[in-house]
Amino acid sequence: MIEFTGVSKVYPNGTKALNNINLTIKEGEFVAIIGLSGAGKSTLLRLINQLIPATSGTVSFDGTEVTKAKGKELRNIRRQIGMIFQGFNIVKRASVLTNVLSGRVAYHPTWKTILGLFPEEDKQIAYRALQRVDILEKVHSRASDLSGGQQQRVAIARALAQEPRLMLADEPVASLDPITTIQVMDYLKKINKEDGITTIANLHHVDLALNYATRVVGVKEGHIVYDVKIKDIDKKTFLADLEKVYGRAIHHDEMLGDE
Amino acid sequence: MDKIIVPRPNHLKRNIVILAVVALILGSAIFAGFNPVTVIRNFSKGRRLLGRMFLPPDWSYAPKVIPPLIETLRMAIVGTFWGALIALPVAVLAASNFLNNPWISKPVRLILNIFRTIPAMVLASLFVAVFGIGPFSGVIALSIFTFGLISKLTYESIESIDFGQVEALMSLGANKLNILRYAIMPQILPQFMSYTLYGFEVNVRSAAVLGYVGAGGIGQTFEHNLAWRNFDRVGVIIVISFLVVLVIDFVSSNIRKRLV
Ligand SMILES: Nc1ncnc2c1ncn2[C@@H]1O[C@H](COP(=O)(O)OP(=O)(O)OP(=O)(O)O)[C@@H](O)[C@H]1O
Ligand SMILES: [Mg+2]
């Protein structure tokens, strides 16, 4: 579904964030990307929907070269890809409903969306999305009045309203407490399983990756240094394997908590 | 117990600054021909004038003050309205983070800066020369002045928004206009309205004096009565204008506090 071929990214200031990445992600996978801060995880994710342009190489989504797409074509690709962020990035001064409906803007003529004219059908999509993340009762609240976990659920609902085929999550739980973290990860997993939406999530905690993903990809200094399916993980060598990703072994007490 | 010795603070820099400021003020006063003796010598003259204005003001003239005062407020409202209306889209063009095109934002800013350096009074005299005496010239002057003021404040607001909300809209396939509508406007609208109210406060005060150059409003009535030495009427105009400005400032700044 997604294919990175020889992708490199050098930022305008000269930082080499990614180096010759080759990576294939299949329909329905839940991929966790792990790695130290600054390893290039966010860069990898943002190349998929072209929030940043690649320096060289190609990224394709369902056979279409995203790295070449521009304007309308790019927006048509983007509307199939939901993205949620560490900082939630919902519009705080708007209602929950407006936020979720804004996930539909790429499906309608601009003059209609500017006037806020969404068809009844879209409202139903929005309500259903909110129901999926159990927050329908807040539909008319102002987004800024919600807690962090609730805001992230609204962000997920907005992404769901896009009816996406792919979900990107850039540290979706990094600013949430442990209990809310589990809730949000559960929703992401449920959506991945029930709707078959391919999911790629940057995660800071290895045990979250183990519990939720179907595959773990480790990034270090712009290279992919680890790539294993969860079912193939050898429990005995796993902690030692992480040394490749983090540069040192991870100890048991550094995990969020054992199950 | 041992006495703690701390080195004395070095006041040299501060003293030099104080000296420089004093020198600057004195220098300007001399340059402007300001002389305290003149002030004191004319003090009794001033006191007599104040007496004729306010002891007592000619209250019977008050009803005549109301129509030009309303005209002043109308000038301020219309001027603020048009100024703010044009300021909003221009501010969007001037903001460096929206179009991401310095070939547009830089020239627009340059023009805005030029507009902002011209005082409303100068604009008014200019338009009186073009369009003739009357409130129309005043309204045009106020519109342009407001435009310069609000567009600058607004584009700075746009540049300091939370860009994450813009990125989120980009990521779901929104185009520029949708980003403007759903990510930028909600963030800057309260500030924009606050700037507009502030512009209105400033404009009420400006509109009150614009009449001095013939651009309509209460200033024209004021100037007329001063020329005829109707000081007791001038007193009424000052008292009533003062009260109106005070009330408007109070109400407007209270609304502004709630907006942001
Ligand atoms: N806009 C940018 N301009 C310049 N350099 C950048 C930019 N964004 C990221 N970088 C650099 O690129 C490298 C990879 O950054 P990236 O954000 O992808 O890391 P990350 O793995 O997501 O880290 P974190 O866990 O801290 O989010 C880092 O060295 C970072 O400093
Ligand atoms: Mg990151």
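Residues numbered from 1 in each chain as written. Chains lettered and ligands numbered in written order. Predicted model: local features only at pLDDT ≥ 70, side-chain atom pairs only at ≥ 80, totals over all residues. Heavy atoms only, no water.

One can find Tyr61(B) in the loop between helix H3 (43-54) and helix H4 (62-94). Measuring from C-alpha to C-alpha, the distance between Tyr61(B) and Val234(B) comes to 9.5 Å, with 173 residues separating the pair along the chain. (Helix = DSSP H or I, 4+ residues; strand = E, 2+ residues; numbered from the N terminus.)

A few words on the sheet that holds strand E10 (residues 223-229) of chain A. All names here are of chain A. Strand order across the open sheet formed by six strands is E6-E7-E8-E3-E9-E10, with mixed pairing between neighbours. With partners counted over all chains shown, the strands left at the sheet margins are strand E6 (81-85) and E10, one partner each. Strand-to-strand twist in this sheet, taken as the mean axis angle between neighbours without regard to direction, amounts to 15°. Two strands pair when backbone bridges link them, and E6 and strand E7 (residues 166-170) are joined in this way by five bridges, in the parallel orientation. (Pairing = 2+ DSSP bridges. Axes fitted to C-alpha atoms, helices over the stretch in contact; angles between N-to-C directions.)

Residues and elements named next belong to chain A. Around ligand 1, the structure places 14 residues, and the nearest of them are Ser 37, Gly 38, Lys 41, Ser 42 and Thr 43. Measuring from a nitrogen atom of ligand 1, one finds a side-chain N or O atom of Tyr 11 at 3.5 Å. Residue Lys 41 places a side-chain N or O atom 2.8 Å away from an oxygen atom belonging to ligand 1. Taking 640 Å² as the accessible area of ligand 1 by itself, protein coverage stands at 64%. (Near = heavy atom within 4 Å. Polar contact = N/O pair within 3.5 Å; in protein donor to acceptor, adjacent residues only side chain to side chain. Areas by Shrake-Rupley, 256 points an atom, 1.4 Å probe, with all protein chains shown as cover.)

Here we take up the pairing of E6(A). A large share of E6(A) lies buried, amounting to five of its five residues. The alternating pattern of E6(A) places Ile81(A), Met83(A) and Phe85(A) on one face and Gly82(A) and Ile84(A) on the opposite face, and all of these are buried. (Buried < 20%, exposed > 50% of the residue type's maximum accessible area, 1.4 Å probe, protein only.)

A general feature of soluble globular proteins is that nonpolar side chains tend to end up buried together. Counting 82 residues, the largest nonpolar core has Val100(A), Ile156(A), Met185(A), Leu188(A), Leu203(A) and Ile184(B) as the members making the most contacts within it. A total of nine residues in this core trace back to one element, the largest contributor, which is helix H9 (residues 176-210) of chain B. If you count residues domain by domain, this core takes at least three from each of domain 1 (1-80 + 166-259) and domain 2 (89-163) of chain A. With near-sequence residues (within four places) excluded, Val100(A) lies in contact with Ala126(A), Ala129(A), Leu130(A), Val154(A), Ala157(A), Arg158(A) and Ala161(A). (Core = buried A, V, L, I, M, F, W, Y, C linked by side-chain atoms within 4.5 Å. Domains from an automatic or database assignment. Contact = heavy atoms within 4.5 Å.)

A few words on the sheet that holds strand E1 (residues 2-10) of chain A. All names here are of chain A. One open sheet accounts for four strands, arranged E2-E1-E4-E5; its pairing is antiparallel. What marks the edges here is a single partner per strand, and that holds for strand E2 (16-25) and strand E5 (64-65). The pairing of E1 with E2 spans six bridges and is classified as antiparallel. Each residue of the ladder has a partner; that of Phe 4, found in E2, is Leu 23. On top of the sheet, helix H1 (residues 41-48) reaches E1, E2 and strand E4 (56-61); it is set at about 120° to E1, its chief contact.

This part takes up the domain arrangement of chain A. Residues and elements named next belong to chain A. Domain assignment breaks chain A into domain 1 (1-80 + 166-259) and domain 2 (89-163). Each of domain 1 and domain 2 has a C-alpha centre, and the two are 25 Å apart. Taken together, the 15 residues of domain 1 in the interface contact 13 residues of domain 2. Buried surface at the junction of domain 1 and domain 2, summed over both partners, amounts to about 1300 Å²; 58% is from carbon and sulfur atoms. For the domain 1 face of the interface with domain 2, the top three residues by lost area are Arg 79, Tyr 187 and Ile 191, together amounting to 45%. Where domain 1 touches domain 2, the interface holds two salt bridges. When the shortest N-O distance is used, the salt bridge between Arg 132 and Asp 195 registers 2.9 Å. (Buried area = accessible area lost by both parts, 1.4 Å probe. Salt bridge = Lys/Arg side-chain N within 4 Å of Asp/Glu carboxyl O.)

Residues and elements named next belong to chain B. What the rule picks out here adds up to 15 salt bridges over all chains. Arg 233 is paired through a salt bridge with Asp 58; the nearest N and O atoms lie 3.5 Å apart. A residue pair is termed long-range when its members are at least 10 positions apart, and Arg 233 in helix H11 (residues 231-259) and Asp 58 in the loop between H3 and H4 qualify at 175 residues. The partly exposed category is assigned to Arg 233, whose relative accessible area is 30%. Here Glu 156 makes a salt bridge to Lys 152, at a shortest N to O gap of 3.1 Å.

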